[in-house]
Amino acid sequence: NPQVKEIRCMVMVPQVGNHNSVTLPTQLPDHDHLRDLEPLGWIHTQPNEQPHLSPQDVTFHARMLADNKTWLPGPTTIITRS
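About the thresholds
- Residues numbered from 1 in each chain as written.
- Predicted model: local features only at pLDDT ≥ 70, side-chain atom pairs only at ≥ 80, totals over all residues.
- Heavy atoms only, no water.
- Helix = DSSP H or I, 4+ residues; strand = E, 2+ residues; numbered from the N terminus.
- Polar contact = N/O pair within 3.5 Å; in protein donor to acceptor, adjacent residues only side chain to side chain.
- Contact = heavy atoms within 4.5 Å.
- 1 Å grid on protein atoms, 1.4 Å probe; cavity = no way out; pocket = protein on both sides within 12 Å on 5 of 7 lines; lining within 4 Å.
- Points joined across faces, edges and corners; volume = space filled by probe spheres on them.
- Nonpolar A, V, L, I, M, F, W, Y, C, P; charged D, E, K, R; others polar.

## So, the side chain of His44
Next, step 1: If you trace the backbone, His44 turns up in strand β3 (residues 41–45).
Next, step 2: A distance of 2.9 Å separates polar atoms of two side chains, one belonging to His44 and the other to Asp57.
Next, step 3: Not counting residues within four places of it along the chain, the set of residues in contact with His44 comprises Asp57, Ile79, Thr80 and Arg81.

Below, the structure is given as structure tokens:
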């Protein structure tokens, strides 16, 4: 089933933030060990569980997709965790 993905690696990029905002690197990680792997999305931790993504999260995700053509909109996901 091509919709089932095996997670082999999680890459945690340097970031600075709080419950209101986060600053991430402008470029995605690039390393030989990551060459054959497919980016699946990003994880957002938050202080309170929300029933939907915030406008900031939607904007951030759209910008990530626009700036990084290796991220495909269909299989890319956002996981939120409080």
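## Observations regarding the layout of surface pockets
Next, step 1: Each pocket or cavity is described by its volume, and for the second largest pocket that value is around 170 Å³.
Next, step 2: What lines the second largest pocket is Val22, Thr23, Leu24, Pro25, Thr26, Phe60, Arg63, Met64, Asp67 and Asn68.
Next, step 3: Put simply, the parts of the chain that give the lining of the second largest pocket at least two residues each are β2 (22–23) and α1 (55–67).
Next, step 4: Looking at the lining of the second largest pocket element by element, the count peaks at 4 residues for α1.
Next, step 5: Considered class by class, the residues forming the lining of the second largest pocket number 5 nonpolar, 3 polar and 2 charged.

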